[in-house]
Amino acid sequence: MKPPRKPIHVVSTWVRRQPPKVKAFLAVVSGMVALVLLRAIVHDHDNLFVAAEAVHSIGISVLIYKLMKEKTCAGLSLKCQELTAVFLAVRLYCSFVMEFDIHTLLDLATLATTLWVIYMIRFKLRSSYMEDKDNLAIYYVVVPCAVLALLIHPSTSHHIANRISWALCVYLEAVSVLPQLRVMQNTKIVEPFTSHYVFALGVARFLSCAHWVLQVIDSRGLLLSAMGYGLWPSMVLISEIVQTFILADFCYYYIKSVFGGQLVLRLPSGVV
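Quantities reported herein were computed from a predicted structural model and do not represent experimental measurements.

Cut-off values and rules
Residues numbered from 1 in each chain as written. Predicted model: local features only at pLDDT ≥ 70, side-chain atom pairs only at ≥ 80, totals over all residues. Heavy atoms only, no water. Phe/Tyr/Trp six-rings, centres within 6.5 Å; stacked < 30°, edge-to-face > 60°. Buried < 20%, exposed > 50% of the residue type's maximum accessible area, 1.4 Å probe, protein only. UniProt positions renumbered as here; feature names shortened; annotations may be inferred. Helix = DSSP H or I, 4+ residues; strand = E, 2+ residues; numbered from the N terminus. Core = buried A, V, L, I, M, F, W, Y, C linked by side-chain atoms within 4.5 Å. Axes fitted to C-alpha atoms, helices over the stretch in contact; angles between N-to-C directions. Left-handed = near helix turned anticlockwise from the far one by under 90°. Contact = heavy atoms within 4.5 Å. Polar contact = N/O pair within 3.5 Å; in protein donor to acceptor, adjacent residues only side chain to side chain. Salt bridge = Lys/Arg side-chain N within 4 Å of Asp/Glu carboxyl O. Nonpolar A, V, L, I, M, F, W, Y, C, P; charged D, E, K, R; others polar. Expected span 1.5 Å × (residues − 1).

As for the packing of aromatic side chains
The tally for this structure, following the rule as stated, stands at six aromatic pairs. Judged by centre distance (4.7 Å) and plane angle (65 degrees), the rings of Tyr139 and Tyr140 are edge-to-face. With a relative accessible area of 56%, Tyr140 lands in the exposed category.

Right under this line is the structure:
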């Protein structure tokens with residue numbers, strides 16, 4: 001007699017058999033339920049942004065632990081870390097010239113650790129870097145973001161260069177994880193520390209997206225008006241949603257793997 005299957009396995013099997021449209025609908029519903037719960041639990045929604053930065057920092061800490069303990073950067077994307085450093089550096093510049101606050105200090109700390117990770121991958125642990133797997137052409141990510149920033153950016157009173165820079169960092173952040181997803185797509189097997197890091201990114205970006213969405217709801221759209229006119233306010237919101245859904249599929253398989261007691265995450269074809 002076969003032992004009874006765990007509820008998580010029953011649910012995951014049912015979800016996996018559904019057509020893409022049903023999966024998309026389930027993802028949207030799950031996101032809406034999570035937003036409702038966060039709105040009820042977290043009264044000061046600015047705390048969600050701080051929480052997002054904190055979770056991102058935890059993910060970076062896991063990455064640092066992996067590099068220092070295992071002395072290998074196998075499975076990590078150097079291009080992803082470099083894109084992260086670029087958008088953080090641009091955002092820091094914009095924060096200094098446009099609005100200096102606690103987020104600036106958090107970004108500074110995250111940038112410093114990201115630069116350390118880049119240094120370790122590029123120089124200290126170069127021999128274990130899987131360059132052949134990290135094969136997403138960087139210009140496929142940067143060029144569309146730059147063009148979009150030139151066309152759609154804030155309509156505030158700041159200098160045009162600062163407004164374009166701010167838009168660039170928003171768009172780059174939304175897609176900066178794509179090189180890491182390509183590496184995982186090429187390897188199919190993701191070791192624990194890397195999967196913990198990417199899952200932390202997914203959680204951080206969901207919290208950041210929730211922060212923006214709940215602020216828009218609470219202000220009844222006034223926040224979007226305060227950000228300027230044209231397409232920019234909508235693009236900020238779309239960018240937050242895009243970066244959340246980019247990682248949603250991976251986070252689903254990560255949670256399934258954890259509940260199944262698997263230390264190494266194995267991704268089916270076409271997941272990322």
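Focus on the UniProt feature "transmembrane region" (unreviewed entry) in the protein chain
Look at the UniProt record and you will see "transmembrane region" (unreviewed entry) annotated at residues 24-42, 48-68, 104-123, 135-152, 196-214 and 234-255. The straight-line gap between the two end C-alpha atoms of residues 104-123 is 28 Å; of that span, 100% is helix and 0% is strand. Regarding residues 234-255, the helix share stands at 100% and the strand share at 0%, and the terminal C-alpha atoms are separated by 31 Å.

A look at the nonpolar core
Core analysis: the biggest nonpolar cluster contains 49 residues, and Leu67, Cys73, Ile121, Tyr171, Trp232 and Leu247 have the highest contact counts within it. Put simply, the parts of the chain that give this core at least two residues each are α3 (46-70), α4 (78-98), α5 (102-124), α6 (139-151), α7 (160-175), α8 (178-187), α9 (192-218) and α11 (232-259). Formed by eight residues, the second largest nonpolar core is a distinct cluster that contains Val55, Ala200, Ala204 and Ala210.

Some points on unusual backbone geometry
Phi is positive for Lys71, which is not a glycine, with a value near 55 degrees. On the secondary structure map, Lys71 appears in the loop between α3 and α4. Residue classification places Lys71 among the exposed residues on the basis of a relative accessible area of 55%.

Structural notes on the packing of α4 against α7
Running from N to C, α4 and α7 point in directions that differ by 145 degrees, and their axes come no closer than 9 Å. In the crossing of α4 with α7, the sense of the turn from one axis to the other is left-handed. Facing α4, whose interface residues are Leu83, Val86, Phe87, Val90, Arg91, Tyr93, Cys94, Ser95, Val97 and Met98, α7 presents Asn162, Ser165, Trp166, Cys169, Leu172 and Glu173.

Comments concerning the side chain of Arg205
In this fold, Arg205 is placed in helix α9. Here Gln243 takes part through its side chain, which lies 3.4 Å from a polar atom of the side chain of Arg205. The residues touching Arg205, leaving out its near neighbours within four places in the chain, are Phe87, Glu173, Ala174, Ser176, Val177, Gln243, Thr244 and Leu247.

Quick notes on the pattern of salt bridges
Considering all chains together, one arrives at six salt bridges under this definition. Salt-bridge contacts for Lys66 lead to Glu191; the nearest nitrogen and oxygen are separated by 3.1 Å. Taken as a pair, Lys66 in helix α3 and Glu191 in the loop between β1 (189-190) and α9 lie far apart in primary sequence, 125 residues in all. In this structure, Asp107 and Arg91 form a salt bridge, with 2.8 Å as the shortest nitrogen-oxygen distance. Of this pair, Asp107 sits in helix α5 while Arg91 sits in helix α4, placing them 16 residues apart in sequence. Three or more residues joined by partner-sharing salt bridges are found here, namely Lys66, Glu70 and Glu191.

Brief notes about the packing of α6 against α7
It is the contact of α6 with α7, at a shortest axis distance of 8 Å, that shows an interaxial angle of 140 degrees. Regarding α6 and α7, the two cross each other, and that crossing is right-handed. Contacts from Val141, Val142, Cys145, Ala146, Leu148, Ala149 and Leu150 in α6 reach Ile164, Ala167, Leu168, Tyr171, Leu172 and Val175 in α7. When grouped by side-chain class, the residues that make up the contact of α6 with α7 number 13 nonpolar, no polar and no charged.

Examining α6
For α6, which comprises 13 residues, the first-to-last C-alpha distance of 18 Å matches the rise-based estimate of 18 Å (1.5 Å per residue) to within 8%. Close packing links the buried residues of α6 with α4 and α7.

Observations regarding the environment of His158
Note on placement: His158 falls in the loop between α6 and α7. Every residue in contact with His158, bar those within four places of it in the chain, is listed here: Met98 and Arg163.

A look at α9
Taking 1.5 Å per residue, 27 residues should reach 39 Å; α9 reaches 38 Å between its end C-alpha atoms and fits that length. By the criterion of burial, α9 is predominantly enclosed, with 19 of the 27 residues buried.

A closer look at the environment of Leu83
Mapped onto the fold, Leu83 is located in helix α4. Under the relative-accessibility criterion, Leu83 is labelled buried at 4%. Residues Leu83 and Val142, spaced 59 residues apart in sequence, show a C-alpha to C-alpha distance of 8.5 Å. If near-sequence neighbours (up to four positions away) are discounted, Leu83 is found in contact with Ile138, Val141, Val142, Leu172, Ser176 and Pro179.

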